[in-house]
Amino acid sequence: MSQPAQSYADFYRHSIEQPDAFWAEQAGLIDWFSAPQRVCNWDNPPFAQWFEGGKLNLCHNALDRHLKQRAQQSALIAVSTETGSERVYSFEQLHAEVQRMAAVLLALGVVKGDRVLIYMPMIAEAAFAMLACARIGAIHCVVFGGFASGSLASRIEDAEPKLIVSADGGSRGGKAIAYKPLLDEAIRLSSHQPQAVLLADRGLATMDLVPGRDHLWAQLREQHLNTPVACESMDSTDISYTIYTSGTTGKPKGVQRDTGGYAVALAASMKHIFDGRAGETYFSTSDIGWVVGHSYIIYGPLIAGMATIMYEGLPTQGLDGQPNGAIWWQLVEKYKVTAMFSAPTAVRVLKKQDPALLKKHDLSSLRALFLAGEPLDEPTARWISEGLQVPIIDNYWQTESGWPILTLANAVEPKEPRFGSPGIAMYGYKVKLLHEATGEELTEPNQKGVVCIEGPTPPGFMQTVWRDDARYLKTYWQSVPGKMVYSTFDWGIRDADGYFFILGRTDDVINVAGHRLGTREIEESISGHPMVAEVAVVGVADQLKGQVAMAFAVLKDASLAGDAQASMKLEGEIMKRVDGDLGAVARPARVRFVTVLPKTRSGKLLRRAIQAVCEGRDPGDLTTLDDASSLEQIRQRLAS
Ligand code: PRX
């Protein structure tokens, strides 16, 4: 479709100066059962309500409305190089499967507004479950399949799901990971008990079913092969889902999203940013456990009428189970992918492979590669840009925002990317750089400040923290002195042309291989070890993963800190503990034992100084000699 010729600057200005007119126009990109009465309600800041009075359904927009034009076209392509399977569902077939899943959920007692927790590997059934929830108005809470019982239990407790959808297991690098025991343990740990558990059996691991509670998807599906389930008419402001994310405290936050604002935001981003056109194929290598998976594996591409690829497996293994560093490019060729979305960490993995692999397949369908989730370093950007010969579009956003805050809207007006910058402010976002201590706006180029967003936040942005408005307000909107603005907790600078550069987090969040983790959660897990008195976890720069977690622990019996054999044994025990509580993604790369940790006079851990020492940088001003000696100890332990 051809775009009206206009500059991005005009497009952006229109979104900021006439937001109601701008977003009313974007709202035309989706199907409404009844039209919205009011575009933006900002009467009770910072709680923006979008498209009040409008009625719609996300599943209808993702599936039903495409049936007339593209029933036979591919909608979901589920590829697993772990099990060597490829399943392709047309819009019609996906629509049928989602109705079956919806009928099963209803039969198991789920009604509109109930929570359904989804703890699944990257298989088609996970997509059925998400879309089925949307269809009947249940709120889905997808928990990343790489998380272990402790993380899962705290999410079950907070979400209070009526039902949990899971599977016998996942697989990584050919090794089956049994999910069911992890799930059973999480339910045991949780004070909330789900009424029912629905399980997909892939034949990867044996399952002990709890009578009366556990049900097999395959069996119930048979009973509902032809049960039609209509789309529930949802208010625009009704909750579509919650997704948990790490923050400054150990307790994960349920990021809550609406229905209408989200549908409009995704449809608009598919058009203006990703240039995804109906009938084409979109390939995001993310996981449904993350926000990218929600927005750009499931809802965004389907709303746009595209086929979407769901991929389970490593980027370096083929469908035959043999090493194959070109598997993603093979899929691009086979399914004529036009837009691809991945993370810098995945590209760094591919970079270790033979560069000839990039030339092995016909990639002429591909128009752009989008990368997000962590800073894109220049060597990685250059390598992939030269290899693919298509624009590499960095985009910066958060679980909270649901869609890009900074990037290039090349379908509005093509712009040259700048190495090291994710781009410029997207339409609808009033992005400001504020001074951390004074809250003063930094308007000169190249000043470093906290990246903030002035309200009202655009459609698609989180509504609040699930069941905790006070936490939403306090965490995000009251952290900059004297101003009610949303803080991203990222440092940034902006050049004279409006291109932003992101310089890392201002809080305790770290980014390991594109996974957002709270160091506090890891500290809490380690502190639970009976021999640990105190612990500090920091994120340390890593060539491949961006960052890795490093833990420094003080033991109750200080004499053990110098005992190499005891330390090694304890390190193993602690890593196992983190694996069990949070999952292997959160496991520290190393655990080192010290007799004291550096702290401020008020007792706050000097995490940034520890991080600096780990990265071989100058830790900066030290207030006491004690800090210097404790940091010296850390330096020595790192060398050992
Ligand atoms: O620190 C920023 C970093 O990842 C955080 C958000 O992570 P998450 O909630 O998992 O959402 C990821 C959605 C893509 C941000 O606060 N981050 C994300 N994208 C970029 C980035 N840092 C630098 N450049 C990016 N493109």
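Coordinates for the structure precede this section.
A brief structural summary. Here the residue index of a chain counts from 1 through its sequence in written order. Two thresholds apply to this predicted model, a pLDDT of at least 70 for residue-level local features and 80 or more for giving and counting side-chain atom pairs, whereas whole-chain, interface and lining totals are computed over all residues. To get the side-chain values, take all heavy atoms of the structure and skip hydrogens and water.

Before going further, it helps to spend a moment on the packing of aromatic side chains. When we look at a pair of aromatic rings, we describe it by the centre distance and by the angle of the planes. Ring geometry is summarised as follows: Phe, Tyr and Trp rings, the Trp one being its six-membered ring, pair when their centres sit within 6.5 Å, and such pairs are stacked at plane angles under 30 degrees, edge-to-face over 60 and tilted between the two. Tallied over the entire structure, the rule returns 39 aromatic pairs. With a centroid separation of 5.7 Å and an interplanar angle of 55°, the aromatic rings of Tyr472 and Tyr476 are classed as tilted. Of this pair, Tyr472 and Tyr476 both sit in helix 15 (residues 469-477), four residues apart, roughly one helical turn. Both residues of the pair, Tyr472 and Tyr476, count as buried. Just above the ring of Phe147 sits the side chain of Arg155; from NZ or CZ to the centre is 4.8 Å. Counting from the N terminus, the helices are DSSP H or I runs at least four residues long and the strands are E runs at least two residues long. Between buried and exposed lies partly exposed: a residue is buried under 20% and exposed over 50% of the maximum accessible area for its type, with that area taken using a 1.4 Å probe on protein chains only. Here, over-ring charges are defined by two tests on the NZ atom of lysine or the CZ atom of arginine: distance to the ring centre within 6 Å, and angle to the ring normal within 35 degrees.

We now examine the site of the ligand. The near set for a molecule or strand comprises every residue that places at least one heavy atom within 4 Å of it. The environment of the ligand is made up of 17 residues, and the closest members are Asp394, Thr399, Asp490, Arg505 and Arg516. Here an oxygen atom of the ligand sits 2.7 Å away from a polar atom, N or O, in the side chain of Arg505. About the coverage of the ligand: the protein hides 94% of its 540 Å² of free accessible area. Those elements giving two or more residues to the shell around the ligand turn out to be helix 11 (291-303), strand 20 (392-395) and strand 27 (500-505). For the shell around the ligand, the residue count by class is seven nonpolar, five polar and five charged. Any pair of N or O atoms that falls within 3.5 Å is considered a polar contact. Within protein, one atom must be able to donate a hydrogen and the other to accept it, and sequence-neighbouring residues count only if both atoms are side-chain atoms. Calculation of accessible area relied on Shrake-Rupley with a 1.4 Å probe; when residues are assessed, cover is drawn exclusively from the protein chains displayed. For this scheme, ten residues count as nonpolar: Ala, Val, Leu, Ile, Met, Phe, Trp, Tyr, Cys and Pro. Four count as charged, namely Asp, Glu, Lys and Arg, and the remainder, Gly too, count as polar.

Quick look at unusual backbone geometry now. Peptide bonds are, in most cases, trans, and in most cases residues other than glycine have a negative phi. Cis geometry is found at the peptide bond from Pro45 to Pro46, where omega equals 0°. Positionally, Pro46 belongs in the loop between strand 1 (38-41) and strand 2 (49-52). Across the junction of Gly455 and Pro456, the peptide omega takes the value -5°, indicating a cis bond. By the secondary structure assignment, Pro456 is in the loop between strand 24 (449-454) and strand 25 (464-465). Unusually for a residue other than glycine, Phe51 sits at a positive phi of about 60°. Although it is not a glycine, Asn446 sits at a positive phi angle of roughly 65°. Relative to the assigned elements, Asn446 resides in the loop between strand 23 (430-434) and strand 24. On the basis of relative accessibility, which here comes to 52%, the residue Asn446 falls in the exposed class.

The next thing to look at is the sheet that holds strand 27. As summarised here, the arrangement of the four strands in space is 23-24-26-27, forming an open sheet in which the pairing is antiparallel. Both outer strands of the open sheet, strand 23 and strand 27, are each paired with one neighbouring strand and no more. Each strand axis lies, on average, 45° off the axis of its neighbour in the sheet, ignoring direction. Pairing between strands requires that DSSP locate at least two bridges from one strand to the other. One ladder, built from four bridges, connects strand 24 with strand 26 (residues 486-494); its direction is antiparallel. Directly across from Val450, in strand 26, lies its bridge partner Trp491. All axes here are fitted lines through C-alpha atoms, helices being fitted over the stretch that makes contact, and every angle between N-to-C directions spans 0 to 180 degrees.

For the rest of this paragraph, the subject is the pairing of strand 23. With respect to burial, strand 23 is a largely interior element, four of its five residues being buried. Note: strand 23 against strand 24, five bridges, orientation antiparallel. In the sheet register, Val431 faces strand 24, and the bridge partner there is Ile453.

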